[in-house]
Amino acid sequence: MTFPNSQGERGAPRQGFPSHRPTTRRAEIARVAVNLNSLRLRALCPRGADAQVAAELKRLPDVAEVALSPASGGVHFRGALSLLYRANLDLRCASRVLVELADAPCRGAEDLYAVAFGLPWEEFLSPQGTLAVSAHGTLPDVGLSNSMFVALRVKDAICDRFRARYGRRPDVSVQSPDLRIHVQLYSENRPGERSLRGAPRMVISLDSSDAPLHERGYRVASVEAPLKETLAATFVEIALRDLPMGPPPVDREGIPLLPTVVDLCCGSGTLLVEAGLRILQKSPGLLRSGGKARHFGFMGWRTFDQAAFQRVVEDAGRQVVRGGRVFLHGYDLDRQAISAARRNLGTAGLSPFSQIQLGDLRSVEPPVTVPTSEAPRIVLCNPPYGERMGGPDELVGLYRALGDTLKRRFTGWSAYVYTANLDLAKQIGLRPSARHILWNGPLEGRLLEFRLY
Ligand SMILES: C[S@@+](CC[C@H](N)C(=O)[O-])C[C@H]1O[C@@H](n2cnc3c(N)ncnc32)[C@H](O)[C@@H]1O
């Protein structure tokens, strides 16, 4: 929760909120420098996607200490500012990237204030700049059950530090601050600890992404139930987990041999776009504004190094696979979906590699491909499963038909079906070789993997 921007709130403690503001002289202010060459970073992601985010991180240059973070969530890693830039440009399955400044015990509001006050905010923000603080999670046992209060205490501590040091403080700007601060409260259970209540802790971080990373900029048209881009990317990351990065093999004419991807009910084309970006090794963060990078939070920081960022952008551009034949094939019954998918693929620069056709999955024939070990053939499918998208009998028939199509026509392919309805999934009538739990917001979905021999 982000506290609202209130004019004239300087100085006076908020009604109903206790003040823990210490009297601080300039000399007492801690000067802990942040090592910009070895930042402690954390990629946040939807539940169930952390293994895929870790796999993505391990492919980035100069990354260290990649480790899942079951207590506070997401995936930790370590590296320099250039890695922070690259992670924001490249990560497909993560929702944002944080720079952790403190991960400390939290016994109440005083700890929150004291830790926030002791951090070197002036390295990232000038007293004339603007900030916004958002707080996530609560610790009712230590009196912290109001996220707005938590955000407010941290904002007060930061502003008090600036005032003590420079005689003025930054303003609040909820919409477009120079610095977004992310506060998370959580309980840590140590390994083997039985207690339901873990030790209360806080993490105070800088949000380097600003807008969440799923906002790639290619979704210019939509359908009724589109997959979130990060969920689609996680689905694709599982389906293409064995596809190496780097230049692909080429055929006799020198044309890259790329995997063939078919989406039998493509909707607005999210899975095809995410598969295309992964296969062509295009950074999702470079899609906006005619190939220029979108805005990221780190661009407003005092530490922002434009030249280093430009080098990272050029490096990311060099890895893109050029050329290649059509390798993305989409079908849908709905004309509007077909048009949305074409527009979205076009905005993502994937029109030359895609063919989207009106078609019923009951009668789709696989595209003609030459099977090679380097270029796998995969079917992706996110059939309707909600009541809004068809009655129960209709959906049972559709899932049976999907099973028939896969069995009869896609021999030799691998198929991946995502659904949140397990009863419907059984109607496919094929035994999955693997199941992955992937959350779609509050819905627990399954990605089922089939080898079609
Ligand atoms: C859950 S939506 C897919 C959303 C898509 N993954 C996206 O991100 O936009 C399911 C799609 O299946 C399509 N559909 C339903 N029955 C179909 C059928 N028999 N053949 C092909 N497509 C079908 C619907 O028109 C709808 O667009």
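For the structure itself, look to the data block above.
Being a predicted model, the structure only gives us computed values, none of them experimental. (Residues numbered from 1 in each chain as written. Predicted model: local features only at pLDDT ≥ 70, side-chain atom pairs only at ≥ 80, totals over all residues.)

**Student:** Explain the overall build of the protein chain here, please?
**Tutor:** In terms of regular secondary structure, the protein chain is built from eleven helices and 15 strands. By residue count, 44% of the 453 residues in the protein chain fall in the buried class. (Helix = DSSP H or I, 4+ residues; strand = E, 2+ residues; numbered from the N terminus. Buried ≥ 20, exposed ≤ 12 C-beta atoms within 10 Å, placed from the backbone.)

**Student:** Please explain the site of the ligand as it appears in this structure.
**Tutor:** As a structural note, the neighbourhood of the ligand is formed by 21 residues, with Pro226, Cys265, Gly267, Ser268 and Thr270 the closest of them. Of all the secondary structure elements, the ones that give two or more residues to the shell around the ligand are helix 6 (270-280) and strand 10 (328-332). Residue composition of the shell around the ligand, by class: 13 nonpolar, four polar and four charged. (Near = placed C-beta within 6 Å. Nonpolar A, V, L, I, M, F, W, Y, C, P; charged D, E, K, R; others polar.)

**Student:** Hey, could you run me through the nonpolar core in this one?
**Tutor:** The tendency in soluble globular proteins is for nonpolar side chains to be buried as a group. Counting 125 residues, the largest nonpolar core has Val154 and Phe235 as its most contacted members. Split by domain, the residues of this core number at least three in each of domain 1 (26-207) and domain 2 (229-282 + 320-451). Residues in contact with phenylalanine 235, not counting those within four places in the same chain, are Leu271, Leu380, Tyr416, Tyr418, Leu438 and Leu447. (Core = buried A, V, L, I, M, F, W, Y, C linked by C-beta atoms within 7 Å. Domains from an automatic or database assignment. Contact = placed C-beta atoms within 7 Å.)

**Student:** Explain the sheet that holds strand 13 (residues 414-419) here, please?
**Tutor:** The pairing of strands in a sheet comes from backbone hydrogen bonds and takes either a parallel or an antiparallel form. Here seven strands make up an open sheet; going across it, the order is 11-10-9-12-13-15-14 and the pairing mixed. Every interior strand has two partners, whereas the edge strands, strand 11 (354-358) and strand 14 (434-440), have only one. Put simply, the sheet's adjacent strands are angled 20° from each other on average, direction ignored. Across three bridges, the pairing between strand 9 (residues 260-263) and strand 10 is parallel. Following the sheet pairing, valine 261 is matched in strand 10 by leucine 328. Sheet contacts for helix 5 (residues 229-239): strand 12 (377-381), strand 13, strand 14 and strand 15 (443-451); angle to strand 14, the most-contacted strand, approximately 165°. (Pairing = 2+ DSSP bridges. Axes fitted to C-alpha atoms, helices over the stretch in contact; angles between N-to-C directions.)

**Student:** I keep staring at unusual backbone geometry and nothing clicks. Help me out?
**Tutor:** A negative phi holds for most residues other than glycine; trans holds for most peptide bonds. At aspartate 210, a position not held by glycine, the phi torsion is positive, near 70°. As for its placement among the helices and strands, aspartate 210 is situated in the loop between strand 8 (199-207) and helix 5. In this model, glutamine 281 sits at a positive phi of 55°, which is unusual for a non-glycine residue. Here glutamine 281 shows up in the loop between helix 6 and helix 7 (288-291).

**Student:** Please clarify how the packing of helix 1 (residues 50-58) against helix 5 should be interpreted in this entry.
**Tutor:** A pair of packed helices can be characterised by two numbers: the angle between their axes and the separation between those axes. It is at 10 Å that the axes of helix 1 and helix 5 come closest, and there the two elements cross at 70°. Accordingly, the angle class assigned to the pair helix 1 and helix 5 is roughly perpendicular. In this structure, helix 1 crosses over helix 5, and the sense of that crossing is left-handed. Along the contact surface, helix 1 presents Gln52, Ala55 and Glu56, while helix 5 presents Thr234, Glu237 and Ile238. Here the residues of the contact of helix 1 with helix 5 sort into two nonpolar, two polar and two charged. (Parallel < 35°, antiparallel > 145°, perpendicular 65-115°, else oblique. Left-handed = near helix turned anticlockwise from the far one by under 90°.)

**Student:** Please clarify how the sheet that holds strand 4 (residues 96-105) should be interpreted in this entry.
**Tutor:** Overall, mixed pairing links the eight strands, which are arranged 2-3-1-4-8-7-5-6 in an open sheet. Each having just a single partner strand, strand 2 (64-68) and strand 6 (171-172) make up the two edges of the open sheet. Sheet contacts for helix 3 (residues 109-117): strand 4 and strand 8; angle to strand 8, the most-contacted strand, approximately 35°.

Purely geometric numbers; function is a separate question.
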